[in-house]
Amino acid sequence: MWRLAGSLPALVAVIIVTFVLTRVLPGDTATYFAGPTASAESIAQIRAALGLDRPLPEQFWSYVQALARGDLGMSLTTGQPVLVDIMNRLPASAELTLFGLLIAMGIAIPLGVLAAVKQGSLADHLCRVVVTAGVSLPVFFTGLLLVYVFYYLLGWSPAPVGRLDAFASAPPFITGFYLVDAALARDWETWHSALAQIILPACTLGLFALAPIARITRASMLAVLGAEFIRTARASGLSSRTIILTYALRNALLPVVTTLGMVFSFLLGANVLVEKVFAWPGIGSYAVEALIASDGAPVQGFVLTMAILYVLLNLTIDLVNRALDPRARHS
Amino acid sequence: MSAVLDVSDFSVEFRTRSGIVRALDRVAFTVGRGETMALVGESGSGKSVTAYALLGLLDAAGKITQGRAVLEGVDLTAASPGELARIRGKRAAMIFQNPRAALNPIRPIGQQIADVLRRHAGLSKRDAMAGAIDMLRQVGIPDPARRASAYPFELSGGMCQRVMIAIAVATRPALLIADEPTTGLDVTTQAVVMDIVAKLASETGMATILITHDLALAAERSARIAVMHAGHIVEDAATKTLLANPRHPYTRRLLAATPTAAGALSALRSIPGNLPDLRRDDLPPCRFAARCDRRLPGCDAGLVWRDIAPAQRIACWNPT
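Treat the numbers as computed from the prediction; the structure is a model and nothing was measured.

Examining the overall build of chain A
At step 1: Counting its secondary structure elements, chain A contains 15 helices and zero strands.
At step 2: Dimensions along the principal axes, computed over C-alpha positions, put chain A at roughly 85 × 55 × 40 Å.
At step 3: In chain A, buried positions account for 43% of the 331 residues.
At step 4: Expressed as a percentage of contacts within chain A between residues at least 6 apart in sequence, the contacts between residues at least 24 apart total 72%.
At step 5: Approximately 16,900 Å² of chain A is accessible, and the part contributed by carbon and sulfur atoms is 69%.
At step 6: Taking the average place of the 20 positive charges on the side chains of chain A and the average place of its 18 negative ones, the gap between the two points comes to 17 Å.

Let's talk about the pairing of strand E6 (residues 92–95) of chain B
Residue and element names in this part refer to chain B.
At step 1: Neither face of E6 is open: one carries Ala92 and Met94, the other Ala93 and Ile95, and all of them are buried.
At step 2: Judged from the four bridges that link them, E6 and strand E7 (residues 175–179) form a sheet pairing that is parallel. Bridging across to E7, Ala93 finds its partner in Leu176.

Digging into the UniProt feature "domain: ABC transporter" (unreviewed entry) in chain B
At step 1: Per the UniProt record, the feature "domain: ABC transporter" (unreviewed entry) sits at residues 5–255 of chain B.
At step 2: With 39% helix and 28% strand, residues 5–255 of chain B has end C-alpha atoms that lie 27 Å from one another.

Structural notes on the UniProt feature "transmembrane region" (unreviewed entry) in chain A
Residue and element names in this part refer to chain A.
At step 1: If you check UniProt for "transmembrane region" (unreviewed entry), the listed places come out as residues 96–117, 129–154, 194–214, 252–274 and 301–320 in our numbering.
At step 2: Segment residues 194–214 splits into 100% helix and 0% strand. End C-alpha atoms: 28 Å apart.
At step 3: Split by type, residues 301–320 is 100% helix and 0% strand. Its first and last C-alpha atoms lie 28 Å apart.

So, the packing of helix H13 (residues 283–292) of chain A against helix H14 (residues 296–324) of chain A
All names here are of chain A.
At step 1: H14 packs onto H13 with a crossing angle of 145 degrees between their chain directions and a minimal axis gap of 8 Å. Judged by the sense of rotation from one axis to the other, the crossing of H13 with H14 is left-handed. Residues Ile283, Gly284, Tyr286, Ala287, Ala290 and Leu291 of H13 lie in contact with H14, whose contacting residues are Pro298, Val299, Phe302, Thr305 and Met306.
At step 2: For the contact of H13 with H14, the class distribution of residues is nine nonpolar, two polar and no charged.

A word on helix H10 (residues 249–256) of chain B
At step 1: Those residues of H10 of chain B lying buried are Pro249, Tyr250, Thr251 and Leu254 of chain B.
At step 2: On its buried face, H10 of chain B is in contact with strand E3 (36–40), helix H8 (215–221), strand E9 (224–229), strand E10 (232–238) and helix H9 (239–244) of chain B.

A closer look at the confidence of the model for chain A
At step 1: For chain A, per-residue confidence averages 84 on the pLDDT scale, and 95% of positions sit at 70 or higher.
At step 2: Helix H11 (residues 228–235) of chain A holds the highest mean pLDDT among the elements of chain A, 93, whereas helix H3 (residues 29–34) of chain A holds the lowest, 68.

Comments concerning the packing of aromatic side chains
At step 1: Under the criterion given, the structure shown has seven aromatic pairs over all chains.
At step 2: Measuring from ring centre to ring centre gives 5.9 Å for Trp188 of chain A and Trp191 of chain A, while their planes differ by 80 degrees; the resulting arrangement is edge-to-face. Of this pair, Trp188 of chain A and Trp191 of chain A both sit in helix H10 (residues 188–225), three residues apart, roughly one helical turn.
At step 3: Accessibility expressed as a relative area gives 23% for Trp191 of chain A, which makes it partly exposed.
At step 4: Seen from their ring centres, Tyr250 of chain B and Phe288 of chain B are 5.2 Å apart, and the 70 degrees between their planes marks the pair as edge-to-face. Of this pair, Tyr250 of chain B sits in helix H10 while Phe288 of chain B sits in the loop between H10 and strand E11 (306–309), placing them 38 residues apart in sequence.
At step 5: Of the residues examined, Phe288 of chain B reaches a relative accessible area of 2% and is grouped as buried.
At step 6: Feature note: the residues Phe19, Phe60 and Tyr63 of chain A constitute an aromatic cluster, connected by ring pairs.

Description of the sheet that holds strand E2 (residues 19–32) of chain B
Backbone-to-backbone hydrogen bonds join strands into a sheet, with any given pair of strands oriented parallel or antiparallel.
Residue and element names in this part refer to chain B.
At step 1: Judged by pairing direction, the sheet is antiparallel, and its four strands sit side by side in the order E2-E1-E4-E5 without closing on themselves. Single-partner strands in this sheet number two, and they are E2 and strand E5 (74–75).
At step 2: Sitting on the sheet, helix H1 (residues 47–54) touches strand E1 (3–16), E2 and strand E4 (62–71), and the angle it makes with E1 is about 105 degrees.

Some remarks on the interface of chain A and chain B
At step 1: With 21 residues of chain A at the contact, the number on the chain B side is 27 residues.
At step 2: Taking both sides of the interface into account, the surface hidden between chain A and chain B amounts to around 2,000 Å²; carbon and sulfur atoms contribute 60%.
At step 3: Among the residues of chain A in contact with chain B, Arg231, Ala235 and Tyr247 of chain A are the three that bury the most area, contributing 25% of the side total.
At step 4: Taken together, the links from chain A to chain B amount to zero salt bridges.
At step 5: Of all the secondary structure elements, the ones that give two or more residues to the side of chain A that touches chain B are H11, helix H12 (240–277) and helix H15 (326–330) of chain A.
At step 6: Per element, the largest residue contribution to the side of chain A that touches chain B is six residues, and it comes from H11 of chain A.
At step 7: Residues belonging to the side of chain A that touches chain B are distributed by class as follows: seven nonpolar, seven polar and seven charged.

Some remarks on the environment of Phe208 of chain A
All names here are of chain A.
At step 1: Inspection of the secondary structure assignment puts Phe208 in helix H10.
At step 2: A C-alpha to C-alpha distance of 34 Å links Phe208 and Gly73, two positions 135 residues apart in sequence.
At step 3: Phe208 has contacts with Val139, Phe266, Leu267 and Ala270, leaving out every residue within four places of it along the chain.

Let's talk about the pattern of salt bridges
At step 1: Scanning the entire structure with this criterion turns up 23 salt bridges over all chains.
At step 2: Put simply, Glu228 of chain A and Arg231 of chain A hold a salt bridge, and the shortest N to O gap is 3.7 Å. Pair noted here: Glu228 of chain A and Arg231 of chain A are both in helix H11, with a separation of three residues, about one helical turn.
At step 3: Take Glu228 of chain A: its relative accessible area is 29%, and that puts it in the partly exposed class.
At step 4: Lys47 of chain B serves as the salt-bridge partner of Glu180 of chain B, at 3.9 Å between the closest nitrogen and oxygen. Taken together, the positions of Glu180 of chain B in the loop between E7 and helix H7 (187–204) and Lys47 of chain B in helix H1 put the pair 133 residues apart, joining distant regions of the chain.
At step 5: Shared partners join several salt bridges into a network, and the residues in it are Asp124, Arg128 and Arg218 of chain A.

Conventions and cut-offs
- Throughout, a residue's number is its position along its own chain's written sequence, starting from 1.
- Labels follow written order: the first chain is A, the first ligand is 1, and so on.
- Only residues with pLDDT of at least 70 get local features here, since the model is predicted, and only at 80 or more are side-chain atom pairs given and counted; chain-wide, interface and lining totals rely on the full set of residues.
- The side-chain values count all of the structure's non-hydrogen atoms but skip hydrogen atoms and water molecules.
- In DSSP terms, a helix is any run of H or I states spanning at least four residues, a strand is any run of E spanning at least two, and both are numbered starting from the N terminus.
- Accessible area is worked out with a 1.4 Å probe on protein chains only. A residue is then buried under 20% of its type maximum, exposed over 50%, and partly exposed in between.
- In this description, contact between two residues means that some pair of their heavy atoms is separated by no more than 4.5 Å.
- Per-residue and other accessible areas follow the Shrake-Rupley method at a 1.4 Å probe size, with only the shown protein chains counted as cover for residues.
- Note that His is not counted, nor are the chain ends; the positive residues are Lys and Arg, and the negative ones are Asp and Glu.
- A single reference atom marks each charge: NZ on Lys, CZ on Arg, CG on Asp, CD on Glu.
- The pairing criterion is simple: DSSP has to find at least two bridges between the two strands.
- UniProt positions are given in the numbering used here, feature names are shortened, and annotations may be inferred rather than shown by experiment.
- Axis definition: a line fitted to C-alpha atoms, over the contacting stretch in the case of helices. Angles run 0 to 180 degrees between N-to-C directions.
- Here is the rule for handedness: rotate from the far helix to the near one, and if that takes an anticlockwise turn smaller than a right angle the crossing is left-handed, while a clockwise turn gives right-handed.
- Residue polarity is assigned by list, with Asp, Glu, Lys and Arg as charged and Ala, Val, Leu, Ile, Met, Phe, Trp, Tyr, Cys and Pro as nonpolar; anything else, Gly included, falls into the polar class.
- Values of pLDDT, ranging from 0 to 100, describe the predictor's confidence in every residue of the model.
- The pairing test for Phe, Tyr and Trp rings, Trp by its six-membered ring, is centres within 6.5 Å, and the orientation test on the planes gives stacked under 30 degrees, edge-to-face over 60, and tilted for anything in between.
- Here's the idea: put two parts together, see how much 1.4 Å probe accessible area each one loses, and the total over both is what we call buried area.
- Salt bridges are counted wherever a side-chain nitrogen of Lys or Arg sits within 4 Å of a carboxyl oxygen of Asp or Glu.

Okay, here's the thing in structure tokens:
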């Protein structure tokens, strides 16, 4: 609870900075929306209607007042309230990011453990290759590469046109995650369609997240395996299964969880590009489109949403750490 | 007294980047049922390496190059890693210094004892936990049922060492190796910890190897003392004999360097020189020769161990 309160100043700073940024960025909203043929009067009219002709402090004050009512403003591109747009699109981004993270964890943690337990083995070398590749390949590149190979060359995956193919309809809204909602509705056709669509972008994000997780898992496992209590466990003749999984891995996971939080926030950033490449209707692509249109309210809403997500994320990491580490519970 | 552990001709080498370290050379000793033997020597003399090598806990660079170590009829040097893992913790157990770091920081202590019982005694979860609580009671931890769910960071160093002992003796091993068990504990706790070990040893007939650099502790707690220097056991004798009539020059020096309650601090004499570099290819047969004031020309010809008196074995041509 105190941590939550402690993050309030950061949120205030984010509100101020995004407000200033959207005002100083090049591009004039009024000109953009008036269209190329508009006269100077109509541009001035639009500017007045949007309140863009008033002094900055006044604009900021009315922005904060609206914010306090939960009003993030209107998107000029979609004509909808920004809050509604973001609420509609957030589940798509969240599903993609979480799925990507799951893929990364599913591969990186076992790989890191194997690499640490059998140093110099094939798994160790593979781990090194993956880590190097993961940090050196940008996500938009891996994304395009995957589309090129699996859609264009092999034809294994469907066209990158969003969350579902043209013939499927969205499952009834429960969590907003299509894979979960479709499974709950026992609509396996939609489920397959959603899975086929999400697999490539999720793998793109997964490849990006793989490297830091594998590296930290390996390093943390190595450190724990050299610890004195592992020597005790060996001296007690515990099976290597118990030693590695119960004694070493559980201790090694503590720094890994902290890293996961960091990786997750990187992923939220990487999402913007991946959603663009895969036409994914998430908040990342929404923000990019708004930015290109010099549409300030959605950009501010996006950044604020991200900031809130970071705060919640850190809180979650904290809770998980407390659950894993009895020492954290007592301090 | 039948021997629980019979070590003979036992040598260990470490392969390192900077050369082969001849860490142990033809170490030999026996420990009988219920007997407590102390292995004393300065840091780097090979006491702990002996313990690790016996239990198969050497890291990958360390190899047993020759010799035998027979525990209850089983040669540990010939056992497979799987066989060793079944013997470790069941027939031969070990406790360490710095008990807090030697326990898993995020696992309840009762669970850590129960893990050993489940592994070696094949107990069910519930029986293992009951056994663990019983062990906590035996090592004198108050309110054991409640303490079983405590974590190491919630206990004092002395309590952690009791838990360590409970883990080690839970399966009633025939041999307990205690590696500097009281280092880092305050004096009264040291005495309590050693009393617990002695009590369990006398109850179960467990043989104990006490590894320490503290000659006073060894003198007080063991029936026999083996003195190590640079990977050799230079003298092995009954405690009384060794203290009253040390025959190896190194033992004599070691005793002169040990403070006593009666003696003045100014009477202490340090031992000149250092342990030889064990990576040298031209190690002299007697590794104490360079520091020895009783060196003879014959010392460079070879090293033999001989019984100079009943139950007193030394590695020296020119004993004092």
